[in-house]
Amino acid sequence: MNSTGRFGDELEARLPLTIGEACLQASLFLEAEGVGEPRSNAELLLMHLLGLERAELLRDLRDPFPQAELESWKQLIARKAAGEPVQYIIGEQWFYGLPYTVTPAVLVPRPETELLVEAVFAAVDRLWPQAQATAGSGADGSVGAGVGGDVPTVVDVGTGSGAIGVTLAALRPLWRVCASDLSPDALAVARSNAARHGAAARMTFVQGDLLGPFAMPRPEQDAAAGQIAGLRIDVLVSNPPYIPAGDIPALQPEVRDHEPRLALDGGDDGLTPYRRMMEQLPQLAALPRIVAFELGLGQADAVAEMLRQYGAWSEVSIIPDYAGIDRHVIAIQS
């Protein structure tokens, strides 16, 4: 009998259970299976199964565990024990205070990426102060529209779940935001999140590789491509694939075996997407005044130097994440 089967037998042997006991048994089992943060994972799965918020779960820990949910509980814990990210199991991850739908077609949004969003907010608000209206304060353009409708056009390249682009659009409703991705399945998830947060009508989504869809149009391009081709980009933000291809087999199983390789593989040294975007910049209608990238471990200096060597921005800064790792680079032409 495998370990998951033993867990099910042990659970049934302890019936009747309280909700708290079901959570504890699952936590102990996940810990024995080598799953990180076993208690947190068990609580998230239990909240999902029972439709409870965390405060409600804590309130109801002494209540009887509903036996009708026992088989579903076993299945959820088995999936987690097998290494599936809890966010895929429950279909959701919170980012910048907003809930985002996630599927195996997209990376799970990470907390450190919130710092990239904060850096973009700060930089854009400095250069376009008239476009600072936040959600609920002028989404119709009545507040903060600025002189002559001067608002930034922001492009989120490799949007995935839409965590970056949708957050920017949801919290700065005067901004024009376009999100792109090579994966049509990822774009479907991003569109659903835009609709979830009331930003769909103010966003444009386009399928394509890096900056390719935004290059100046060529005569042979069709009309549909021309709607995006040549778009003047004021702010370029991207969290592209940055894991060196040779490092992927050594990643945590949750990432290696479940998250999309297309969103992980950054080429031989992880820097291929950044080099390609730098090569594509001259094809744009104009250079972005702000470029903001998320990066992998040990890549910040190399990408910052690419931006400095290009010579188009007066400020190039490196931003560490919560662990002190240099995680983001932002270039600004003020």
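Quick caveat: nothing in here was measured; it's all calculated off a predicted structure. (Residues numbered from 1 in each chain as written. Predicted model: local features only at pLDDT ≥ 70, side-chain atom pairs only at ≥ 80, totals over all residues. Heavy atoms only, no water.)

Turning next to the sheet that holds strand S3 (residues 153-157). With mixed pairing, seven strands are arranged side by side in an open sheet as S5-S4-S3-S6-S7-S9-S8. Two strands in the sheet have a free side with no partner beyond their single neighbour: strand S5 (203-207) and strand S8 (315-320). The sheet shows a mean angle of 15 degrees between the axes of neighbouring strands, taken without regard to direction. Bridge count for S3 against strand S6 (residues 235-238) is four bridges, and the pairing is parallel. Following the sheet pairing, Val-154 is matched in S6 by Val-235. In the packing of helix H9 (residues 184-196) onto the sheet, the strands contacted are strand S4 (176-181) and S5, and the crossing angle to S5 comes to about 170 degrees. (Pairing = 2+ DSSP bridges. Helix = DSSP H or I, 4+ residues; strand = E, 2+ residues; numbered from the N terminus. Axes fitted to C-alpha atoms, helices over the stretch in contact; angles between N-to-C directions. Contact = heavy atoms within 4.5 Å.)

This next bit is on the confidence of the model for the protein. Per-residue confidence for the protein gives a mean pLDDT of 92; residues scoring 70 or more make up 92%. Note that residues 138-149 has pLDDT below 50 and, in this model, 16 contacts with residues that lie over four places away or in other chains. (pLDDT = per-residue confidence, 0-100.)

The terminal C-alpha atoms of helix H3 (residues 38-50), which comprises 13 residues, lie 18 Å apart, in line with the 18 Å expected from a rise of 1.5 Å per residue. Taken together, the buried positions of H3 are Pro-38, Asn-41, Ala-42, Glu-43, Leu-45, Leu-46, Met-47 and Leu-49. Residues of H3 that are buried in the fold lie against helix H2 (19-32), helix H4 (54-59), helix H5 (70-81) and helix H6 (86-90). Remark: Gly-51 follows H3 within two positions and exhibits a positive phi of approximately 70 degrees. (Expected span 1.5 Å × (residues − 1). Buried < 20%, exposed > 50% of the residue type's maximum accessible area, 1.4 Å probe, protein only.)

Each α-helix turn comprises 3.6 residues. Residues three or four places apart therefore point the same way. Among all positions of helix H13 (residues 300-310), only Ala-300, Val-303, Ala-304, Met-306 and Leu-307 are buried. Seen along its axis, H13 keeps its buried residues to an arc of 150 degrees; they face one direction. Opposite the packed face of H13, turned more than 90 degrees from it, sit the exposed residues Asp-301 and Gln-309. Contact partners of the buried residues in H13: helix H12 (272-280), strand S7 (290-294), S8 and strand S9 (326-332). Positive phi appears at Gly-311, one or two residues downstream of H13, with a value of about 80 degrees. (Arc of directions from axis to C-beta.)

Moving on: the packing of aromatic side chains. The tally for this structure, following the rule as stated, stands at seven aromatic pairs. Residues Phe-7 and Phe-29 carry aromatic rings whose centres are separated by 4.7 Å and whose planes lie at 20 degrees to one another, so their mutual orientation is stacked. Here Phe-7 is found in helix H1 (residues 3-13), whereas its partner Phe-29 is found in helix H2, with 22 residues between them in sequence. A residue is classified by how much of its surface remains accessible, and Phe-29, at 10% relative accessible area, is buried. Both rings, one in Phe-95 and one in Tyr-100, keep their centres 6.2 Å apart while their planes meet at 85 degrees; by these two values the pair is edge-to-face. Per residue, the accessibility class of Phe-95 equals that of Tyr-100, and both read buried. Three or more aromatic residues joined by ring pairs make a cluster, and in this case those are Tyr-96, Phe-121 and Trp-175. One residue, Arg-172, lies across the ring of Phe-121, its end atom 4.4 Å from the ring centre. (Phe/Tyr/Trp six-rings, centres within 6.5 Å; stacked < 30°, edge-to-face > 60°. Lys NZ or Arg CZ within 6 Å of the ring centre and 35° of its normal.)

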